[in-house]
Amino acid sequence: MNWSTLAGTILTLAVGALIGLVPALLIERRKEKRQLATRWDAPLYELSVEFASAVRVFRHTASRLADASDPVGHRERTEEERQRLNALLEQIRLVGDERVQRAARMVVRHSWAVLRAVEGHEDERAAEYPGRSPETRLTDALHEFIRAVRVQLRVPNAERIASDEPDDWPELAGGQRPFRIGLPFR
């Protein structure tokens, strides 16, 4: 065997190895990028569900504060739920992007205003939000939080969420209303 044949064989093997190695490296790099991009998706989703649920529980307990048979106990329960929101906010700060963090912070801020209003205190931020009650601000902040989470989780049409009010839902073809679980028909 002469040197030119040996060099040709070695060159062919090197080129073949390189051809096989480059796509493998590119595929591995793509997998790594995908894993990094989705690493926080599951924890963010779980925390967001818990946070939104805690807002609903807080809102419900706060709305019943004035009519509670045990106002002190009910006030404590309401405050516990608000503190739970604060704790979840800190966890969300670990996995949420800046928009998600700010939206969660606004939910906590408006929950405090809702509690103060239910207790009969003046709305200290009324001038900052003219014509909008603390309850409305809380709802709007929660919707912004949901949109922000949906964007971070790369949900299609992330900015579009349904209104809480069935009357705001669009008509379907044929004039039918969307299917509503547990909601009375009008």
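Residues numbered from 1 in each chain as written. Predicted model: local features only at pLDDT ≥ 70, side-chain atom pairs only at ≥ 80, totals over all residues. Heavy atoms only, no water.

(A) Looking closely at the overall build of the protein. Across its full length, the protein holds five helices and zero strands. What you see in the protein, going N to C, is helices and strands ordered as α-α-α-α-α. For the protein, with 186 residues in total, the buried portion stands at 28%. For the protein, long-range pairs separated by at least 24 residues make up 57% of all intrachain contacts whose partners lie at least 6 apart in sequence. For the protein, the accessible surface area stands at approximately 12,600 Å², while carbon and sulfur atoms represent 58% of it. (Helix = DSSP H or I, 4+ residues; strand = E, 2+ residues; numbered from the N terminus. Buried < 20%, exposed > 50% of the residue type's maximum accessible area, 1.4 Å probe, protein only. Contact = heavy atoms within 4.5 Å. Areas by Shrake-Rupley, 256 points an atom, 1.4 Å probe, with all protein chains shown as cover.)

(B) Local environment of helix α5 (residues 134-152). Look at α5: 27 Å from first C-alpha to last across 19 residues, which is about the 27 Å you get at 1.5 Å a residue. Among all positions in α5, only P134, R137, L138, T139, A141, L142, H143, F145, A148, V149 and Q152 are buried. The inward-facing, buried residues of α5 abut α2 (41-63), α3 (71-95) and α4 (98-118). In the segment just after α5, R154 is the residue with positive phi, at about 60 degrees. (Expected span 1.5 Å × (residues − 1).)

(C) A look at the nonpolar core. If you look at the biggest cluster of nonpolar residues, it comprises 28 residues, and the most contacted ones within it are F51 and F145. Only α2, α3, α4 and α5 provide two or more residues apiece to this core. Looking at this core element by element, the count peaks at eight residues for α2. Excluding residues within four positions of it along the chain, F145 makes contact with S48, F51, I92, V100, A103, A104 and V107. (Core = buried A, V, L, I, M, F, W, Y, C linked by side-chain atoms within 4.5 Å.)

(D) Highlighting α4. When the terminal C-alpha atoms of α4 are compared, their 30 Å separation across 21 residues agrees well with the 30 Å that a helix rising 1.5 Å per residue should span. All buried positions along α4 are accounted for by V100, A103, A104, V107, V108, R109, H110, S111, A113, V114 and L115. Structurally, α4 contributes buried residues whose contacts are with α2, α3 and α5. If you check the start of α4, you find a side-chain oxygen 3.2 Å away from the backbone N of R99, and it comes from D97. Directly beyond the C-terminal end of α4, a positive phi value near 95 degrees is found at G120. (Polar contact = N/O pair within 3.5 Å; in protein donor to acceptor, adjacent residues only side chain to side chain.)

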